Amino acid sequence: MSFMGILGLGGSEPDDILDPGNLSAIALPRLQWNLLDFGRTAASIDQAESARDEAEARYLEVVLGALRDAEQSLARFGQQRANVAALAQISRQADTAAELNEQRRAAGVISQGELDTSIRKREQARANLDRAIAAMTNGWIAIQKSLGLGWVELSRDNRTSVEPAPVDRKSVMKPEQS
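Residues numbered from 1 in each chain as written. Predicted model: local features only at pLDDT ≥ 70, side-chain atom pairs only at ≥ 80, totals over all residues. Heavy atoms only, no water.

A. The overall build of the protein chain, seen in detail. Along its length, the protein chain carries three helices and two strands. Burial status across the protein chain gives 17% buried among its 178 residues. For the protein chain, the accessible area works out to roughly 14,600 Å², and carbon and sulfur atoms hold 57% of it. (Helix = DSSP H or I, 4+ residues; strand = E, 2+ residues; numbered from the N terminus. Buried < 20%, exposed > 50% of the residue type's maximum accessible area, 1.4 Å probe, protein only. Areas by Shrake-Rupley, 256 points an atom, 1.4 Å probe, with all protein chains shown as cover.)

B. Examining helix α1 (residues 40–106) more closely. Under the 1.5 Å per step criterion, the end-to-end length of α1 is 97 Å for 67 residues, consistent within 8% with the ideal 99 Å. G108 occupies a position one or two residues after α1 and carries a positive phi of about 85°. (Expected span 1.5 Å × (residues − 1).)

C. Region of interest: the packing of aromatic side chains. This model, assessed by the stated rule, comprises one aromatic pair. Note on F77 and W140: the rings are 5.6 Å apart at their centroids and 50° apart in plane angle, and the pair reads as tilted. Remark: W140 occurs in helix α2 (residues 112–147) and F77 occurs in helix α1; sequence separation between them is 63 residues. Look at F77 and you get buried, because its relative accessible area is 17%. Residue W140 is classed as partly exposed on the basis of its relative accessible area of 44%. (Phe/Tyr/Trp six-rings, centres within 6.5 Å; stacked < 30°, edge-to-face > 60°.)

D. Highlighting the environment of E123. Tracing the backbone shows E123 in helix α2. Taking C-alpha positions, E123 is 8.5 Å from S91, a pair spaced 32 residues apart along the chain.

E. Seen up close, the side chain of R122. Counting through the fold element by element, R122 comes out in helix α2. Beyond its immediate stretch of four places on either side in the chain, R122 contacts A94, D95, A98 and E102. (Contact = heavy atoms within 4.5 Å.)

F. How the structure looks around the nonpolar core. F77, V84, L87, A88, L129, A132, I133, M136 and I143 together form the largest nonpolar core, which totals nine residues. Mapped by element, the contributors of at least two residues to this core are α1 and α2. The element that contributes the greatest number of residues to this core is α2, accounting for five residues. Sequence-distant contacts of F77, defined by excluding residues within four places in its chain, comprise M136, G139, W140 and I143. (Core = buried A, V, L, I, M, F, W, Y, C linked by side-chain atoms within 4.5 Å.)

G. Main features of the environment of S118. If you trace the backbone, S118 turns up in helix α2. Exposure remark for S118: the relative accessible area of 10% places this residue in the buried category. Residues S118 and A94 lie 24 residues apart in sequence; the distance between their C-alpha atoms is 7.5 Å. When neighbours within four sequence positions are excluded, S118 is seen to be in contact with A97, A98 and N101. Here A98 takes part through its backbone nitrogen, which lies 3.5 Å from a polar atom of the side chain of S118. (Polar contact = N/O pair within 3.5 Å; in protein donor to acceptor, adjacent residues only side chain to side chain.)

H. Structural context of the pattern of salt bridges. Scanning the entire structure with this criterion turns up six salt bridges. Here E123 ties to R126 by a salt bridge, and the two come within 3.5 Å at their closest N and O atoms. Taken as a pair, E123 and R126 lie in helix α2 at a separation of three residues, close to a single helical turn. Classification of E123 by relative accessible area gives partly exposed; the value is 39%. (Salt bridge = Lys/Arg side-chain N within 4 Å of Asp/Glu carboxyl O.)

I. Looking closely at the environment of I119. Counting through the fold element by element, I119 comes out in helix α2. The exposure class of I119 is partly exposed, given its relative accessible area of 25%. Sequence separation between I119 and N101 is 18 residues; the distance between their C-alpha atoms is 8.6 Å.

J. A look at the packing of α1 against α2. Where α1 contacts α2, the two axes come as close as 8 Å, and the packing angle between them is 160°. With respect to each other, α1 and α2 are oriented roughly antiparallel. In terms of crossing hand, the pair formed by α1 and α2 is left-handed. Looking at the contact of α1 with α2, its residues break down into 22 nonpolar, ten polar and eight charged. (Axes fitted to C-alpha atoms, helices over the stretch in contact; angles between N-to-C directions. Parallel < 35°, antiparallel > 145°, perpendicular 65-115°, else oblique. Left-handed = near helix turned anticlockwise from the far one by under 90°. Nonpolar A, V, L, I, M, F, W, Y, C, P; charged D, E, K, R; others polar.)

Written out as structure tokens, the structure is:
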């Protein structure tokens, strides 16, 4: 529904323009309906509903993608933690074996080649553990990213970068107590 009207001031003298007694107004309500729209209104309603459904589908796609990313990050981090625990155990065993072989070499029981092999295995186990810890750290970063954590707002005066916390290798190598 719309209103249509005329509003005016008039008269035969110039002072009549400013006289509110000469105000003339006509206001008529008007109802407009297109009888012959040939389905345009229904089509525009369908188009608006389709646009809403499409926006909802895009939203759900984004939300489900974020949930999938978070779930994958958590699963990957769990596997990396188990891998670090296993490699920490292997590294401890390699350390023990190398120490024992050093004692055996000092006693003359094994050759220098066997001792070198044992030391090489110990260094390889340590390197594998270090790589696994780095991968686990990247997994932790992926979790932080997928969950939107770790954001710190810096003030305008303090535009320094935040250093990551160092990984305590000894705490990682200790087996969890149940």
